[in-house]
Amino acid sequence: MRASPINTMAPQLLQFRQLWRYPIKAVTLTVVLTTTAMLNLVAADPQTNLLNKGCSQYNATNLSNFYTNLNDTFFQLRSQLSGVNTKFATGQLAKGSDPVYAMAQCRDYLSTTDCVACFDVAVVLIRNCTGANGARVIYDGCFLRYESSTFYNQTTLPGNMGICGNDTAAQPTAFQTAAQGLLTDLETATPRINGYFAAATREVSGGGGTVYAVTQCAQSVSESGCLGCLQVAYGNIQSCPPDTDGRAVDAGCFFRYSDTAFFGANQTTNITPFLGVGGGGSSNKDAIIGGVVGGGGCLLLIVGLVLWYHRSRKAKATSRGEIIGASELQGPTTFSYKDLKSATNNFSNETKLGEGGFGDVYKGTLKNGNVVAVKKLVMETSRAKADFATEVKLISNVHHRNLLRLLGCSTKGPDLLLVYDYMENGSLDQFLYGEMRGTLNWNQRFDIIFGTARGLAYLHDQFHVTIIHRDIKCSNILLDHELQPKIADFGLARLLPEGQSHLSTKFAGTLGYTAPEYAIHGQLTEKVDTYSFGIVVLEIISGRKCSETKTVEDEPVAEYLLEQAWKLYENDLHSKLVDEILVVSDGYTEEAAKKIIELALMCTQTPASSRPSMSEVVMLLSDRSMDLTMRPGRHAFMDKDKKIRNDASTTPDSSTSNATASFTEFSGR
């Protein structure tokens with residue numbers, strides 16, 4: 001099965017610590033080790049094209065012990081990989097609480113230098129997960145994973161995926177035949193090869209070039225486990241040809257093919273001895289056919305078995321999304337309505353935490369002492385109630401450290417209830433312009449921006465179905481005890497009947513945060529969330545509501561936040577938008593603030609195609625230099641007849657004053 005085209009943006013090394021002050025702890029060892037390797041990256045080829053990354057939603061309990069164990073484990077792995085012809089390493093350390101189990105593997109065709117360089121890149125990127133007690137990074141050249149418990153024998157997990165390229169081979173039919181035949185043979189041979197690695201080539205008939213392919217399993221799995229993993233991987237990659245390249249990734253194995261050589265001619269494996277009878281390889285097809293040609297009944301039986309085998313293999317390959325630690329779609333825990341009613345003191349005003357578009361939220365204490373948040377949904381239509389079980393089952397399987405965890409639900413009482421983790425610090429809006437205003441410093445606000453971006457990127461690109469939130473705003477971003485952001489209410493908009501919403505408008509969202517193309521024309525894509533994220537970032541930086549007007553300097557006209565941000569940007573006065581409290585806070589620099597504001601404006605550009613994806617936003621925020629190759633240039637305001645109008649601003653001298661009056665109608669007044 002196909003995923004989106006491969007992300008060709010290689011992660012930057014030595015990221016963001018100095019400029020952005022992102023609090024990655026205890027990285028000194030890794031940076032020292034990485035710096036030397038970086039000097040040779042231009043001449044070498046560690047193949048650090050990023051294929052997949054994920055972080056556990058759970059944090060370590062004792063960060064001091066955790067970072068000590070993590071650093072020592074990474075040191076173990078690096079020492080092993082630095083040895084002669086060592087491409088696989090495991091390590092573990094369980095001092096005190098928060099044990100760490102880690103595994104690293106390079107493709108066998110990499111040199112020791114390239115293997116270590118790829119590992120160093122992976123270590124830098126995996127530390128973006130900060131205190132998460134599990135994480136993994138997969139590149140073309142290597143793989144790194146750590147967990148809080150042993151996982152070395154894991155092979156295939158839900159969320160395994162195929163990644164296909166964009167270019168079609170010059171001779172599609174011939175290339176497809178050669179590629180699929182080679183992949184089938186590698187699937188059969190690799191589990192029988194010592195070390196579970198094979199690299200092979202196959203000529204395309206008619207002078208159509210060559211197919212290059214590799215397969216690899218983790219050396220800690222069994223032969224049957226390797227075979228089972230590669231069977232699923234083949235099911236995920238077999239639809240890629242005649243595309244000229246493709247990958248399949250899983251917890252315990254890896255598939256890759258290309259029409260371009262990515263390993264040396266002297267590094268191929270002779271797989272013929274491993275394609276014996278029963279192997280299913282294309283090299284023994286003639287023998288199989290000759291053996292059954294005299295028995296029509298046997299031939300029919302074999303055909304039937306082959307069809308059943310391929311169908312079952314495709315069925316196994318249908319899951320996509322988080323590949324490490326992902327859970328089956330088992331559904332949420334079912335709570336008793338009576339118990340939740342008792343836990344919230346009969347949904348009393350004393351336990352009420354807030355009012356949302358989808359219903360009121362109450363604080364509850366369960367019989368076991370656990371504190372939870374209970375949302376009483378306002379879903380009156382029969383269609384919403386019919387879809388409730390299906391959608392909630394989906395939402396309950398979304399696991400990410402920056403998304404609010406759904407614990408369960410109740411469907412048997414007079415109301416539909418959702419049970420969430422309780423966030424003691426409430427919502428972000430209270431810290432920006434509520435009773436907690438002024439308590440967040442620069443570092444904390446950047447962490448919130450970064451975490452929110454990661455949560456949205458997961459919903460858009462990493463879960464096995466795309467979830468568009470549609471209502472990103474500060475009141476839907478909750479903060480845990482460490483002030484880390486948790487996006488709430490994701491997936492609930494899917495329960496709304498077509499043409500209706502909790503706002504009684506034609507879209508599910510909040511005016512002022514909603515992208516113009518969605519608010520007016522109902523055009524829904526992931527870039528709707530990108531726009532809302534941009535507005536939220538401006539609110540975080542300025543400490544202002546997007547729907548409130550304010551004057552700047554000697555300007556006689558009060559302006560809404562987005563309009564004012566564009567005008568200040570065009571006059572190179574970014575810093576005047578920044579909350580005065582931030583200017584004197586730890587870690588703040590004017591340069592950093594300007595770049596964050598520019599990124600926010602890029603997210604609000606029109607048309608939607610000019611906005612970055614949330615995965616690209618995460619990469620930009622992860623980059624120490626945050627080099628914006630394209631500066632924000634187009635923004636949209638609404639005319640009085642409710643038509644979207646673009647204003648191009650490509651130089652600091654351009655003006656948006658002619659849009660001032662018409663924007664008030666769109667901004668939520």
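Scroll up for the structure.
Description of the structure in this document. Since we're looking at a predicted model, the values are computed, not measured.

**A word on the nonpolar core**
With 84 residues, the main nonpolar core has F74, Y139, L144, Y146 and F255 as its most contacted residues. For this core, the element with the most residues is helix α4 (residues 112-126), which contributes 9 residues. Among residues more than four places away in sequence, those in contact with L144 are F74, L77, M103, A104, F119, A122, V123, I126, A135, R136 and V137. Ranked by size, the runner-up nonpolar core spans 79 residues in total, among them I487, L562, L577 and A593.

**Topic: the sheet that holds strand β3 (residues 100-106)**
If you walk across this open sheet you meet the 5 strands as β1-β4-β5-β3-β2, and the pairing is antiparallel. Each of the sheet's edge strands pairs with one partner strand only, and the pair in question is β1 (50-55) and β2 (88-93). In this sheet, adjacent strand axes meet at a mean angle of 5° when their direction is disregarded. The strands touched by α4 are β1, β3, β4 (135-139) and β5 (142-147); relative to β4, the strand with the most contacts, the crossing angle is about 140°.

**Side note on the packing of aromatic side chains**
Throughout the structure, instances matching the rule amount to 17 aromatic pairs. Taking 6.0 Å as the distance between ring centres and 45° as the angle between the ring planes, the aromatic pair formed by Y337 and F347 counts as tilted. Taken together, the residues Y337 in helix α9 (residues 337-343) and F347 in the loop between α9 and β12 (352-356) connect sequence positions 10 residues apart. The pair Y337 / F347 is uniform in exposure class, with both members buried. An aromatic cluster is built from F66, Y67, F74, F119 and Y146, whose rings are joined through pairwise contacts. The residue whose ring lies beneath R145 is F151, and the NZ or CZ to ring-centre distance is 4.0 Å. Above the face of the F450 ring, R454 is positioned so that its terminal group lies 4.9 Å from the ring centre.

**Structural notes on the pattern of salt bridges**
Going through the model one piece at a time under the given rule, you end up with 18 salt bridges. Among the ionic pairs, D360 bridges to K352, the shortest N-O distance being 3.3 Å. Classification of D360 as partly exposed rests on a relative accessible area of 23%. Put simply, K473 and D471 hold a salt bridge, and the shortest N to O gap is 3.7 Å.

**Overview of the packing of helix α12 (residues 442-462) against helix α14 (residues 527-542)**
It is the contact of α12 with α14, at a shortest axis distance of 10 Å, that shows an interaxial angle of 170°. By the criterion of interaxial angle, the relationship of α12 to α14 is roughly antiparallel. Along its contact with α12, which presents W442, R445, I448, I449, T452, A453, L456 and H460, the element α14 presents D529, F533, V537, I540 and I541. For the contact of α12 with α14, the class distribution of residues is 9 nonpolar, 2 polar and 2 charged.

**Concerning the pairing of strand β14 (residues 371-377)**
The buried fraction of β14 is high, at 5 of 7 residues. The pairing of strand β13 (residues 359-365) with β14 spans 7 bridges and is antiparallel. Bridge pairing links G364 to V372 in β14. Between β13 and β14, which follow one another and run antiparallel, lie 5 residues, and G369 among them has a positive phi close to 95°. Strand direction decides the pairing type here: β14 and strand β16 (residues 416-421), joined by 6 bridges, are antiparallel. Residue pairing across strands places V372 opposite D421, the latter belonging to β16.

**Here we look at the packing of helix α3 (residues 63-81) against α4**
Taken N-terminus to C-terminus, the directions of α3 and α4 make an angle of 165°; their axes are 9 Å apart at the nearest point. Relative to α4, the element α3 is oriented roughly antiparallel. With respect to the hand of their crossing, α3 and α4 are arranged in right-handed fashion. On α4, the residues that touch F74, L77, R78 and L81 of α3 are T112, C115, V116, F119, D120, V123 and I126. Residues of the contact of α3 with α4, tallied by class, amount to 8 nonpolar, 1 polar and 2 charged.

**A look at the pairing of β5**
Of all the 6 residues making up β5, 6 are buried; the element is thus mostly covered by neighbouring parts of the structure. With burial as the criterion, each face of β5 is covered, one bearing C142, L144 and Y146 and the other bearing F143, R145 and E147. Sheet topology note: the β4/β5 ladder contains 4 bridges and is antiparallel. Each residue of the ladder has a partner; that of R136, found in β5, is R145. Joining the antiparallel neighbours β4 and β5 is a turn of 2 residues.

Definitions and cut-offs
- Residues numbered from 1 in each chain as written.
- Predicted model: local features only at pLDDT ≥ 70, side-chain atom pairs only at ≥ 80, totals over all residues.
- Heavy atoms only, no water.
- Core = buried A, V, L, I, M, F, W, Y, C linked by side-chain atoms within 4.5 Å.
- Buried < 20%, exposed > 50% of the residue type's maximum accessible area, 1.4 Å probe, protein only.
- Helix = DSSP H or I, 4+ residues; strand = E, 2+ residues; numbered from the N terminus.
- Contact = heavy atoms within 4.5 Å.
- Pairing = 2+ DSSP bridges.
- Axes fitted to C-alpha atoms, helices over the stretch in contact; angles between N-to-C directions.
- Phe/Tyr/Trp six-rings, centres within 6.5 Å; stacked < 30°, edge-to-face > 60°.
- Lys NZ or Arg CZ within 6 Å of the ring centre and 35° of its normal.
- Salt bridge = Lys/Arg side-chain N within 4 Å of Asp/Glu carboxyl O.
- Parallel < 35°, antiparallel > 145°, perpendicular 65-115°, else oblique.
- Nonpolar A, V, L, I, M, F, W, Y, C, P; charged D, E, K, R; others polar.
- Left-handed = near helix turned anticlockwise from the far one by under 90°.

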